[in-house]
Amino acid sequence: MASKAAPSCRLVFCLLISAAVLRPGLGWYTVNSAYGDTIIMPCRVDVPQNLMFGKWKYEKPDGSPVFIAFRSSTKKSVQYDDVPEYKDRLNLSENYTLSISNAKISDEKRFVCMLVTEDDVFEAPTVVKVFKQPSKPEIVSKAPFLETDKLKKLGECISKDSYPDGNITWYRNGKVLQPLEGAVVIIFRKQMDSVTQLYTMTSSLEYKTTKADIQMPFTCSVTYYGPSGQKTVYSEQAVFDIYYPTEQVTIQVLPSKNAIKEGDNITLKCLGNGNPPPEEFLFYLPGQPEGIRSSNTYTLTDVKRNATGDYKCSLVDKKSMTASAAITVHYLDLSLNPSGEVTKQIGDALPVSCTISASRNATVVWMKDNVKLRSSPSFSSLHYQDAGNYVCETALQEVEGLKKRESLTLIVEGKPQIKMTKKTDPSGLSKTIICHVEGFPKPAIQWTITGSGSVINQTEESPYINGRYYSKIIISPEENVTLTCTAENQLERTVNSLNVSANENKEKVNDQAKLIVGIVVGLLLAALVAGVVYWLYMKKSKTASKHVNKDLGNMEENKKLEENNHKTEA
């Protein structure tokens, strides 16, 4: 509202210092400004035509005025009073709008715009409110860890440079934390800087944690008032390490307890579910009542089958809290009888056994010369083909790397045995004599011929397989001959002979000659018969020709007689 000066006072000075009466219709006007911005205050009075000048002032807490700006309506000049806090910060426009740059908390005052004529003084008050947004709240002095069932300071939430002061709120997993005796203690403090007049708010939180707080985020916020109303700013989340005692102990066996075999190293690992986990444990081995103090691991090297049993571990300070694991050290024994290199005679009997002793059922495979056998070998009467390299192999399928094998190299020896056979060529001109030999080691074969006859080719031998092979020779004897086959190895020398008769060849030759003569005579007789038949055929053909000629002569004579008869009639 505007005010009018008393009628008795005509001087401008009197008007300025007199108490003005606000005119109806003008009330309090508030300008909100952010800290550091420019405060703009319009003069809410219509400029009168007879205006002499305009002035701005502010009021001290005791109500006394402080003039800060003057503008003449005639000279269009602006004068700023010597007020240190507003030096170089003021600007008064032609319409008497006052601007104050770089708003400060100290600018929160009641300012008055005064327009002066010769008769009146018009006033319009403006209240300035300055707001400063606080800094983003931050959780500081955080506890390195929290312990369950213990009330402990979690940290402090701090927000700085606020005006007016704000309020701090704590949250657990997004839900507001309210003070609770013995569990949640919140202490709020605020402090104002005497120079900037800005507030710093601090809130400390003491909290009694539980295991439910593991990985739970804690945050805080500051709520403050700004030019546009109430606002809230949140801090970053903070997650705290929660310490809690061990409630359960577990034991691990490395490698897996289902795959431990003799010669392995076993590592026992004991774990407690507390935080931080226990660093030392007591380990109890089978048959040993006293525990062995160690870190959370204990290693046994090169274990044997007698290490099978129950293993336990416990806390050092709480032996009743234990964990156990049953361990089986798997083993596999194989005994092959006989084994190694064994030499036997053909026809001998040889019992073979492969005995298995294992911690569980094992598979057994027999191989001969790298070929899998359908069943285990058994020899009641040895043959040469039974010789070879036999392997008995066994394994535990569930335990990797646990397998055994033994081998038997069987050698079957025998003295040379000879059988001779004879085969005559279809032409009858040669004979093939074969000497079949059986024996081991391989016998050497030698031929001897007694009598005369030509050897068509040299001896030829077959491959030596399963102790057998043969040698053959082709001969065309001119007289009765004897062929002798000699087979010899390290065990014995064996000789066998076969007589071959030359008459058989001659008879064959005579028979063939007779056959050829017969064929020739037969061909000559056939040619003679064919000649006789041809002669008879030719003779018969000539007689038939004469009769035909005679018939033709008679026909000519008859024709001539008929012609003469026709002539006579005419």
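As named in an unreviewed UniProt entry, the chain is CD166 antigen, taken from Bison bison bison.

Visitor: Explanation requested: the environment of Leu271 in the structure shown.
Guide: Its place among the elements puts Leu271 in strand S22 (residues 266–272). Judged by its relative accessible area of 28%, Leu271 is partly exposed. For the pair Leu271 and Ser314, spaced 43 residues apart in the sequence, the C-alpha separation amounts to 9.2 Å. Beyond its immediate chain neighbours, meaning those up to four positions away, Leu271 contacts Gln248, Val249, Thr250, Gln252, Phe281 and Asn296.

Visitor: Is there a simple way to think about the packing of aromatic side chains in this case?
Guide: Given two aromatic rings, one states the distance between the centres and the angle between the planes to describe the pair. One pass over the full model with this rule turns up twelve aromatic pairs. With 5.7 Å between their ring centres and 50° between their planes, Tyr171 and Tyr234 make a pair best called tilted. Placement of Tyr171 in strand S13 (residues 167–172) and of Tyr234 in strand S18 (residues 229–234) is noted, with a sequence separation of 63 residues between them. Ring geometry for Phe283 versus Tyr298: centroids 5.8 Å apart, planes at 25°, classification stacked. One end of the pair, Phe283, is in strand S23 (residues 281–284); the other, Tyr298, is in strand S25 (residues 297–300), and 15 residues separate them in sequence. Phe283 gets classed as buried once you look at its relative accessible area, which sits at 0%. An aromatic cluster of at least three residues, connected via ring pairs, comprises Tyr58, Tyr86 and Phe111. We note Lys442 situated over the ring of Tyr469; from NZ or CZ to the ring centre the distance is 4.7 Å.

Visitor: What is the right way to read unusual backbone geometry from this model?
Guide: Backbone phi values are negative for most residues with the exception of glycine, while trans is the configuration of most peptide bonds. Here the residue pair Tyr163 and Pro164 is connected by a cis peptide bond, since its omega of -10° sits within 30 degrees of zero. Its location among the elements puts Pro164 in the loop between strand S12 (151–162) and S13. Pro338 follows Asn337 through a cis peptide bond whose omega is -5°. Locating Pro338 in the fold gives a position in the loop between strand S28 (332–337) and strand S29 (340–345). If you check the backbone angles, Gln215 has positive phi at about 65° while not being a glycine. Along the polypeptide, Gln215 turns up in the loop between strand S16 (199–208) and strand S17 (217–226). Look at Asp369: it is not a glycine, yet its phi comes out positive at around 50°. Summarising the element assignment, Asp369 is placed in the loop between strand S31 (363–368) and strand S32 (371–372).

Visitor: Could you clarify how one ought to interpret the pattern of salt bridges in this entry?
Guide: Close approach of charged atoms allows side chains of opposite charge to pair. One pass over the full model with this rule turns up 21 salt bridges. Residues Lys261 and Asp264 are paired through a salt bridge, measuring 3.3 Å at the closest nitrogen-oxygen approach. Residue classification places Lys261 among the buried positions, given a relative accessible area of 18%. Note on Asp264: relative accessible area 16%, which makes it buried.

Conventions adopted
- Residues numbered from 1 in each chain as written.
- Predicted model: local features only at pLDDT ≥ 70, side-chain atom pairs only at ≥ 80, totals over all residues.
- Heavy atoms only, no water.
- Helix = DSSP H or I, 4+ residues; strand = E, 2+ residues; numbered from the N terminus.
- Buried < 20%, exposed > 50% of the residue type's maximum accessible area, 1.4 Å probe, protein only.
- Contact = heavy atoms within 4.5 Å.
- Phe/Tyr/Trp six-rings, centres within 6.5 Å; stacked < 30°, edge-to-face > 60°.
- Lys NZ or Arg CZ within 6 Å of the ring centre and 35° of its normal.
- Salt bridge = Lys/Arg side-chain N within 4 Å of Asp/Glu carboxyl O.

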